Amino acid sequence: MHTIRLLYVSTAASTLAYQDLVALLRAATQRNEASDITGLLVYGSGLFLQALEGDRAVVNRLYNRIVVDARHTDCTLLLAESIERRAFADWSMKLIGLDDMPTAKRRAVLLRYGGAQHFNPYNISAGQALGFLRDLAESERQSASRAA
Ligand SMILES: Cc1cc2nc3c(=O)[nH]c(=O)nc-3n(C[C@H](O)[C@H](O)[C@H](O)COP(=O)(O)O)c2cc1C
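Sequence positions are assigned chain by chain, starting from 1 and proceeding in written order. Where totals are concerned, whole chains, interfaces and linings use all residues; where local detail is concerned, this predicted model gives features only for residues with pLDDT of at least 70, and gives and counts side-chain atom pairs only at 80 or more. Heavy atoms throughout the structure, all of them, feed into the side-chain values; hydrogens and water do not.

Q: Account for helix H1 (residues 18-34), naming residues and giving values.
A: Here a helix means four or more residues in a row that DSSP labels H or I, a strand means two or more in a row labelled E, and each is numbered from the N terminus. Expected span of a helix, by definition, is 1.5 Å for each gap between consecutive residues, and there is one gap fewer than residues. Here H1 contains 17 residues, and its C-alpha end-to-end distance of 25 Å stays within 8% of the 24 Å for a straight helix at 1.5 Å per residue. Where the residues of H1 are buried, they touch strand E2 (38-44), strand E3 (47-55), helix H2 (56-67) and strand E5 (95-97). Following H1 by one or two positions, Asp-36 has its phi on the positive side, about 55°. Contacts are residue-level and defined by heavy atoms, with any inter-residue pair within 4.5 Å sufficient.

As structure tokens, then:
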């Protein structure tokens, strides 16, 4: 067993509706749970940024399926690295919608990573993408613990 983290960005198909996204997430979470994959899926301005963590062979097989999925296009690999510990171990998959986030919060997190006001992970470095995801995960944990 050799654990890796993979990050990629893609463009949602124009036909993808919110209900499709909910169904996609539900199926992905179940499959990931069965194969010890964890991660985060960020959706904003018609783009996806996803982190997948798990066994190297399993993550590679999954990524190969994801790349040919017609629900998005232009999959671009940002990072694939061996890791000692997972950053998103809390979630088999978690969807974070940037479009529903309060504008000030979204602006602040976007400006911190890449300096753009609009979500465009095609234009940021792998380090910035990972920092951005870690930051979103942390605020998700904080709001979950506030709600508990
Ligand atoms: C943006 C996006 C993210 C996805 N994330 C996952 C995921 O985390 N886990 C997963 O099993 N499938 C995910 N899928 C679905 C896969 O592409 C694929 O449909 C699924 O693994 C089933 O494989 P199959 O269609 O070859 O049977 C994702 C699809 C898209 C478009």
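Here the narrative resumes.
Q: Could you give me a rundown of the environment of Asp-135, with the residues and numbers involved?
A: Inspection of the secondary structure assignment puts Asp-135 in helix H4 (residues 126-147). For Asp-135, the contacting residues outside a window of four places in its chain are Val-109, Arg-112 and Tyr-113.

Q: Tell me about the packing of aromatic side chains, residues and numbers included.
A: Between 30 and 60 degrees the pair is tilted, below 30 it is stacked and above 60 it is edge-to-face, where a pair is any two Phe, Tyr or Trp rings, Trp via its six-membered ring, whose centres lie within 6.5 Å. By the definition in use, this model includes four aromatic pairs. Their ring planes at 55° and their centres at 5.2 Å tell us that Tyr-43 and Phe-48 sit as a pair that is tilted. Residue burial is assigned from relative accessible area. The probe radius is 1.4 Å, only protein chains are included, and a residue is buried under 20% of its type maximum, exposed over 50%, and partly exposed in between. On the basis of relative accessibility, which here comes to 4%, the residue Phe-48 falls in the buried class. Here the aromatic rings of Tyr-113 and Phe-132 are separated by 6.3 Å at their centres, their planes lie at 70°, and the arrangement is edge-to-face. Here Phe-132 lies in helix H4 and Tyr-113 lies in the loop between helix H3 (103-112) and H4, a separation of 19 residues in the sequence.

Q: An account of the packing of H3 against H4 is needed here, citing residue identities and associated values.
A: Between N-to-C directions, angles cover 0 to 180 degrees, with each direction set by a line fitted to C-alpha atoms, over the stretch in contact for helices. Direction vectors running N to C along H3 and H4 enclose 145°, while the axes themselves pass 9 Å from each other. In this structure, H3 meets H4 at a crossing whose hand is right-handed. Residues Lys-105, Val-109, Leu-110 and Arg-112 of H3 form the contact with H4, whose participating residues are Phe-132, Asp-135, Leu-136 and Ser-139. Grouping the amino acids of the contact of H3 with H4 by side-chain chemistry returns four nonpolar, one polar and three charged. Crossing handedness follows the turn of the near helix against the far one: under a right angle anticlockwise gives a left-handed crossing, and clockwise gives a right-handed one. In this classification, Asp, Glu, Lys and Arg are treated as charged, Ala, Val, Leu, Ile, Met, Phe, Trp, Tyr, Cys and Pro as nonpolar, and every other residue, Gly included, as polar.

Q: How would you explain the nonpolar core if you had to name every residue and give the values?
A: Membership of the largest hydrophobic core comes to 23 residues, with the highest contact counts inside it found for Val-42, Phe-88, Phe-119, Phe-132, Leu-133 and Leu-136. Listing elements by their share of this core, those giving two or more residues are E2, E3, H3 and H4. Broken down by element, this core gets its largest block of residues, six residues, from H4. When residues no more than four places from it in sequence are discounted, the contact partners of Val-42 are Leu-47, Phe-48, Leu-49, Ile-96, Leu-98, Phe-119, Phe-132, Leu-133 and Leu-136. Here, nonpolar core means buried Ala, Val, Leu, Ile, Met, Phe, Trp, Tyr and Cys residues that are tied together by side-chain atoms lying within 4.5 Å of each other. Core analysis: the next-biggest nonpolar cluster, separate from the first, contains 18 residues, Ile-4, Leu-6, Leu-25 and Ile-66 among them.

Q: Describe in detail the site of the ligand, supporting the description with residues and values.
A: When we say a residue is near a molecule or strand, we mean one of its heavy atoms is within 4 Å of it. In the region of the ligand, 15 residues are neighbours, and Asn-32, Gln-50, Arg-65, Asp-69 and Arg-71 sit closest. Within the side chain of Asp-69, one N or O atom sits 2.6 Å away from an oxygen atom of the ligand. Look at the ligand: alone it shows 610 Å² of surface, and the protein chains cover 79% of it. Of all the secondary-structure elements, those providing two or more residues to the shell around the ligand are H1, E3 and H2. With four residues, the single largest contributor to the shell around the ligand is H1. Its residues assigned to classes, the shell around the ligand comprises eight nonpolar, three polar and four charged. A 3.5 Å cut-off defines polar contacts: any pair of N or O atoms within that distance qualifies, except that in protein one atom must be a possible hydrogen donor and the other a possible acceptor, and neighbouring residues in sequence count only when both atoms are side-chain atoms. Note on areas: these come from Shrake-Rupley sampling with a 1.4 Å probe, and a residue is covered only by the protein chains present in the view.

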